[in-house]
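Structural description and commentary
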Amino acid sequence: MTQRIFWLRRFAATLVRGGHGPDARLGVRLVSTAAVTALVAVPFALALVLVQSQWPPLRRLDRNTAERLHASAVASPGRVEVLDFLTNVVWSPMTMRLLVAVLVVWLLVRRAVRLAAWAAVTATAGGLAGLLVKNAVERARPHLPDPVAAAPGFSFPSGHAMTATTSCAVLLLVLLPLVPRGWRPVAWGLAVVSVLGVSYTRVALGVHWVSDVMGGWLLGLVVVTATTLAFEAWRTDIGRARTTPAQGLEPELVDADPEPPVGAGRP
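Predicted, not measured: the structure shown is a model, and the values here were computed from it. (Residues numbered from 1 in each chain as written. Predicted model: local features only at pLDDT ≥ 70, side-chain atom pairs only at ≥ 80, totals over all residues. Heavy atoms only, no water.)

1. Looking at the overall build of the chain
Regarding its fold elements, the chain presents nine helices and zero strands. Each helix (α) and strand (β) of the chain, taken in turn from the N terminus, gives the series α-α-α-α-α-α-α-α-α. Expressed as a percentage of the 267 residues in the chain, the buried residues total 42%. The contacts in the chain between residues at least 6 apart in sequence include a share of 74% that link residues at least 24 apart. For the chain, the accessible surface area stands at approximately 14400 Å², while carbon and sulfur atoms represent 70% of it. (Helix = DSSP H or I, 4+ residues; strand = E, 2+ residues; numbered from the N terminus. Buried < 20%, exposed > 50% of the residue type's maximum accessible area, 1.4 Å probe, protein only. Contact = heavy atoms within 4.5 Å. Areas by Shrake-Rupley, 256 points an atom, 1.4 Å probe, with all protein chains shown as cover.)

2. A look at the packing of helix H4 (residues 77-90) against helix H8 (residues 184-204)
Where H4 meets H8, the axes come as close as 9 Å, and the angle between the chain directions of the two elements is 130 degrees. Between H4 and H8, the angle is such that the two are oblique. Here the hand of the crossing between H4 and H8 comes out left-handed. Between H4, through Arg79, Leu83, Leu86, Thr87 and Asn88, and H8, the contact on the second element is made entirely by Val198, Tyr200, Thr201, Arg202 and Ala204. Across the contact of H4 with H8, the residue classes tally to five nonpolar, three polar and two charged. (Axes fitted to C-alpha atoms, helices over the stretch in contact; angles between N-to-C directions. Parallel < 35°, antiparallel > 145°, perpendicular 65-115°, else oblique. Left-handed = near helix turned anticlockwise from the far one by under 90°. Nonpolar A, V, L, I, M, F, W, Y, C, P; charged D, E, K, R; others polar.)

3. Re the packing of aromatic side chains
Tallying each qualifying case throughout the model produces two aromatic pairs. For the pair Phe44 and Phe156, a centre-to-centre distance of 6.0 Å together with 15 degrees between the ring planes defines the contact as stacked. Pair noted here: Phe44 is in helix H2 (residues 22-52) and Phe156 is in the loop between helix H6 (113-137) and helix H7 (159-175), with a separation of 112 residues, a long-range link. Across the pair, exposure class does not vary: Phe44 and Phe156 are buried alike. (Phe/Tyr/Trp six-rings, centres within 6.5 Å; stacked < 30°, edge-to-face > 60°.)

4. Overview of a nonpolar patch on the surface
A surface patch of nonpolar side chains, amounting to about 240 Å² of accessible area, comprises Phe85, Val89 and Val90. Considering the arrangement of structural elements, one finds Phe85 in helix H4. (Patch = residues over 30% accessible without salt bridge, like charges linked within 9 Å, V, L, I, M, F, W, Y side chains within 5 Å. Salt bridge = Lys/Arg side-chain N within 4 Å of Asp/Glu carboxyl O.)

5. Thoughts on H8
Between its terminal C-alpha atoms H8 stretches 30 Å, which fits the 30 Å expected from 21 residues at 1.5 Å a residue. By the burial criterion, the buried members of H8 are Arg184, Ala187, Ala191, Ser194, Val195, Gly197, Val198, Ser199, Thr201, Arg202, Val203 and Ala204. Structurally, H8 contributes buried residues whose contacts are with helix H3 (56-74), H4, helix H5 (93-109), H7 and helix H9 (210-237). Remark: Gly206 follows H8 within two positions and exhibits a positive phi of approximately 80 degrees. (Expected span 1.5 Å × (residues − 1).)

6. Remarks on the confidence of the model for the chain
Per-residue confidence for the chain gives a mean pLDDT of 85; residues scoring 70 or more make up 84%. This stretch, residues 11-19, has a pLDDT under 50; its non-local contacts, to residues over four places away or in other chains, come to nine contacts. (pLDDT = per-residue confidence, 0-100.)

7. Comments concerning the environment of Ala120
Note that Ala120 resides in helix H6. Counting along the chain gives 15 residues from Ala120 to Val105, while the straight-line C-alpha distance between them is 9.9 Å.

8. Here we look at the nonpolar core
Ranked by size, the top nonpolar core spans 20 residues in total, and within it Leu107, Leu115, Trp118, Val170 and Val174 carry the most contacts. Put simply, the parts of the chain that give this core at least two residues each are H5, H6, H7 and H9. If you tally residues by element for this core, the top one is H7, at five residues. Among all residues touching Leu115, those that are not within four sequence positions of it are Leu107, Val174, Phe231, Leu249, Glu250, Leu253 and Glu259. (Core = buried A, V, L, I, M, F, W, Y, C linked by side-chain atoms within 4.5 Å.)

9. Overview of the packing of H5 against H7
Their axes nearest at 9 Å, the elements H5 and H7 cross at an angle of 25 degrees. One element, H5, and the other, H7, form an angle in the roughly parallel class. Along this stretch, H5 crosses H7, giving a crossing that reads as left-handed. Every residue of H7 that contacts H5 at Pro93, Met96, Arg97, Leu99, Val100, Leu103, Trp106 and Leu107 is listed here: His160, Thr163, Ala164, Ser167, Cys168, Val170, Leu171, Val174 and Leu175. A per-class count over the contact of H5 with H7 returns 13 nonpolar, three polar and one charged.

10. Focus on the side chain of Ser194
Positionally, Ser194 belongs in helix H8. Sequence-distant contacts of Ser194, defined by excluding residues within four places in its chain, comprise Trp91, Met96 and Cys168.

11. A short note on the pattern of salt bridges
Under the counting rule described, the total for this entry stands at five salt bridges. Between Arg139 and Asp62 there is a salt bridge, with the nearest N and O atoms lying 3.0 Å from each other. Placement of the pair is Arg139 in the loop between H6 and H7 and Asp62 in helix H3, with a sequence separation of 77 residues. Judged by relative accessible area, Arg139 falls into the buried class, the value being 16%. The class of Asp62 is buried, set by a relative accessible area of 2%.

Listed below in structure tokens is the structure:
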């Protein structure tokens, strides 16, 4: 117990001193990373509580939206075919994961090994987190008369919405440095359209509630935030400047050798 108190006091003293040694940098990174991740996780935690408690306003929103969109789908078989193509081909989780996989291979060819690892870990962590929450919550999918589509498994959060969120974030944060500045709003627009578009198809086809897709967005943002902060910690260790989402995760990707060799970090 005495030894544990000693190390806790040493850690606290290191943070208070605000020094620039390895211990101080590690302490600041740990605290700031935990704080930011927890802050981003608050909206998802709130959504989870509201879903689990069956909050009446949220239930009404889910039910009214599902019934209205379902009536429109039943009356328009051609529209259902378009929605089915978009959700199962254009924006399917498989399509999104293949895009990320191609990106990872390309990054390895470019010798951006750490960025490739970040992309792979983010996509994998997103899938595992979504599956874990689905099986923990065990929310049933909508049951509607004359269903126009079906999907297996539980409902919250939407795997399509979450995969689109994490995959589009990965693609954007990696590739933005290669996009001319004037075209970057277009890239952001395509990402937003993809996330909102696939989310709409899931609700319109009657296989998810509105709160399911919102949960997918929020949990996806939590995963991306956590892995991005870890990548930023590595950049800090090797003396590189912090970046913003508008810059991309590694602006040096435009260089011939975007990442320094292992062991080139600061002591």
